[in-house]
Amino acid sequence: MGVETLVTFGIAAAASLFMAWAIGAGSSGSTPFAPAVGANAISVLRAGLIVGVLGFSGAVLQGANVTEAVGSELIVGEPLTAGAAIVGLLTAAVLVALGVFAGYPIATAFTVTGAVVGVGLAMGGGPAWPKYAEILTLWTLTPFVGGGIAYGIARLIRGDRFDEDRLIAALGGLVGALIANIGFTFLGPPGEQGSIASTLGPATGLPTAAGVAVATLGVALAAMATLWLALNRDRATGQRRFLLFLGGLVAFSAGGSQVGLAIGPLVPLLGSGIDIPLWAVLVGGGFGLLVGSWTGAPRMIKAISQDYSSLGPRRSIAALIPSFAIAQTAVYFGIPVSFNEIIVSAIVGSGLAAGNAGVSRDKMLYTVLAWVGSLVSAFVIGYVVYTAVQLVF
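Residues numbered from 1 in each chain as written. Predicted model: local features only at pLDDT ≥ 70, side-chain atom pairs only at ≥ 80, totals over all residues. Heavy atoms only, no water.

**Notes on helix α6 (residues 108-123)**
Note the cut-off: The helix count covers DSSP runs of H or I at least four residues long, the strand count covers runs of E at least two residues long, and both are numbered beginning at the N terminus. The span expected for a helix works out to 1.5 Å for each residue beyond the first. Each residue is placed in one exposure class: buried if its accessible area under a 1.4 Å probe, protein chains only, is under 20% of its type's maximum, exposed if it is over 50%, and partly exposed if it falls in between.
The end-to-end C-alpha distance of α6 is 22 Å, a good match for the 22 Å that 16 residues give at a rise of 1.5 Å each. Extensive coverage of α6 is indicated by the burial of 15 of its 16 residues. Just beyond α6, the residue with positive phi is G124, at close to 110 degrees.

Okay, structure coming up:
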């Protein structure tokens with residue numbers, strides 16, 4: 001590896017680490033435990049500490065899919081150069097950092113996607129329309145699906161048609177079924193991911209599909225029984241523990257999705273004379289998320305938990321279940337997704353189940369404008385800056 005190549009990669013890696021810090025401080029670090037903080041189930045500072053560790057774990061164990069998508073699937077024909085990666089990462093990181101310090105949750109996925117596409121087109125690459133269609137579909141559906149499911153769950157829990165403890169225990173079983181089928185790198189063959197259900201399925205002696213179904217049912221029943229016992233001992237304590245567990249799952253999922261936004265632009269550089277395995281880059285990105293969560297997330301946790309909706313434990317549970325499901329769907333398909341969009345939509349949906357529950361319409365309007373503006377601004381700035389750099393150098 002030549003000195004020039006090493007220095008260039010070092011600058012790109014520093015930009016990537018800055019991006020990871022900004023994401024940890026603003027998106028993956030603040031949103032997962034915001035409902036739990038809003039429900040007074042955990043303090044702001046403790047939430048920031050825990051989400052950092054869980055985000056790091058998710059980055060290492062689940063981060064490969066989104067990382068490869070951001071690095072190689074947003075532009076056709078021209079892999080990102082080191083210079084393009086530096087410009088794209090710095091553009092996105094500065095915009096996200098501004099959002100953190102201003103107290104507005106900038107959509108990180110919008111910002112990074114816009115910046116990478118902008119510099120990629122400026123390089124002469126072509127648009128990846130099929131991938132854009134996937135991304136736009138998920139981004140468009142997220143507020144309606146996530147908010148709608150959160151609203152429905154909150155209404156069910158508040159209603160009189162079902163026993164509250166049994167309903168929450170059944171929701172715990174649903175979460176258990178989802179956990180049984182999410183992918184982990186340590187459960188799959190080299191280069192692939194495996195799930196708990198696919199690992200336990202063969203032990204049943206049944207055909208593959210049936211074995212996976214039985215394993216999924218077993219995990220779901222175990223989760224439901226555990227939560228049911230906790231709720232029967234003390235309803236308030238059981239709900240609070242379930243809420244914290246959900247926050248942990250969302251934090252883990254955030255790491256798996258968001259780390260790719262920080263280190264994805266480095267992926268094309270790994271095959272150009274730089275012999276660094278992807279897992280090592282994932283560890284570095286996860287470390288950046290962890291530091292960002294510990295140092296910058298508390299400010300945004302407070303903003304999201306208090307400014308958008310006043311939620312109790314039940315409506316917070318309703319907000320986190322669809323958030324976890326959508327996050328894992330994005331990880332599975334390798335689609336960069338905004339955790340601010342996911343969590344804020346779910347918080348608003350569950351809050352509306354009780355009237356307006358303190359939802360600030362002005363704040364929501366500003367947030368949506370910030371999301372759209374971050375995508376457009378990142379695209380334009382990335383394109384213009386990289387074009388200017390090409391003209392100068």
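Structure's up, so let's keep going.
**Examining helix α7 (residues 129-158)**
Counted at 1.5 Å a residue, the expected span for α7 with its 30 residues is 44 Å, and the 43 Å between its end C-alpha atoms agrees. Residues of α7 that are buried include every one of K131, Y132, I135, L138, W139, T142, G146, G147, A150, I153, A154 and I157, and no others.

**What about a nonpolar patch on the surface?**
Rules: Only residues whose relative accessible area exceeds 30% and that take part in no salt bridge are eligible for patches, with like-charged residues grouped when within 9 Å of each other and nonpolar side chains (Val, Leu, Ile, Met, Phe, Trp, Tyr) grouped when within 5 Å. Exposure was quantified through the Shrake-Rupley algorithm and a 1.4 Å probe, taking into account, for residues, occlusion by the shown protein chains and nothing else. The term salt bridge refers to a side-chain nitrogen of Lys or Arg lying within 4 Å of a carboxyl oxygen of Asp or Glu.
Taken together, the side chains of V368, V372, V376, F379, V380, Y383 and V384 define a hydrophobic patch exposed on the protein surface, amounting to about 550 Å² of accessible area. Along the chain, the position of V372 falls in helix α15 (residues 361-392).

**Looking at the side chain of T142**
This is how it is decided: Counting of polar contacts relies on pairs of N or O atoms within 3.5 Å, with two restrictions inside protein: one atom must be capable of donating a hydrogen and the other of accepting it, and residues adjacent in sequence are counted only when both atoms are side-chain atoms. Contact criterion: two residues are considered in contact whenever any of their non-hydrogen atoms come within 4.5 Å of each other.
Examined against the element boundaries, T142 turns out to sit in helix α7. Among the residues examined, T142 registers a relative accessible area of 1% and is labelled buried. A distance of 2.7 Å separates the side chain of T142 from the backbone oxygen of L138, its partner in a polar contact. Excluding residues within four positions of it along the chain, T142 makes contact with G147, I326, E341, I342 and S345.

**Details of the packing of aromatic side chains**
Counted only if it meets this: In summary, the pairing rule links any two rings of Phe, Tyr or Trp, Trp by its six-membered ring, whose centres are within 6.5 Å, and it sorts them by plane angle into stacked for under 30 degrees, edge-to-face for over 60 and tilted for everything else.
A complete count under the given rule lists eight aromatic pairs for this structure. Where F110 meets W371, the ring centres are 6.5 Å apart and the plane angle is 75 degrees; that geometry is what we call edge-to-face. One end of the pair, F110, is in helix α6; the other, W371, is in helix α15, and 261 residues separate them in sequence. By the burial criterion, F110 is buried, and W371 matches it. Ring geometry for F184 against F252: centres 5.9 Å apart, planes inclined by 50 degrees, an arrangement best described as tilted. In this pair, F184 sits in the loop between α8 (164-180) and α9 (196-200) while F252 sits in helix α11 (residues 235-263), placing the two residues 68 residues apart along the sequence.

**Things to note about the nonpolar core**
What counts, and what does not: Nonpolar core, defined: a set of buried Ala, Val, Leu, Ile, Met, Phe, Trp, Tyr and Cys residues in which side-chain atoms within 4.5 Å join the residues together.
The biggest cluster of nonpolar side chains holds 101 residues, and the ones touching the most others in it are M19, V175 and L246. In terms of residues, this core owes the most to one element, α11, which gives twelve residues. Those residues in contact with L246 that sit more than four places away from it in its chain are V175, I317, L320 and I321.

**So, the layout of surface pockets**
Any empty space left between the atoms is revealed when a probe the size of a water molecule rolls over them. Note the threshold: Using a 1 Å grid laid over the protein atoms alone, points where a 1.4 Å probe fits but cannot get out form a cavity; open sets with protein on both sides within 12 Å along at least 5 of 7 lines form a pocket; any residue with an atom within 4 Å of a point counts as lining. Grid points are joined across faces, edges and corners, and a volume is the space filled by probe spheres set on the points. Any residue that is not Ala, Val, Leu, Ile, Met, Phe, Trp, Tyr, Cys, Pro, Asp, Glu, Lys or Arg is counted as polar, Gly included; the first ten are nonpolar and the last four charged.
Here the largest pocket defines a volume of roughly 620 Å³. What lines the largest pocket is a set of 27 residues, among which N65, G183, Q193, V331 and Y332 lie closest to the centre. If one sorts the elements of the lining of the largest pocket by residue count, helix α13 (residues 313-333) sits on top with six residues. Looking at side-chain class alone, the lining of the largest pocket contains 14 nonpolar, eleven polar and two charged residues. Volume-wise, the second largest pocket comes out at about 410 Å³. Considering the residues around the second largest pocket, the lining is formed by 19 residues, among which T113, I135, L136, W139 and L375 are closest to the centre. Within the residue set of the lining of the second largest pocket, elements represented by two or more residues are α6, α7 and α15.

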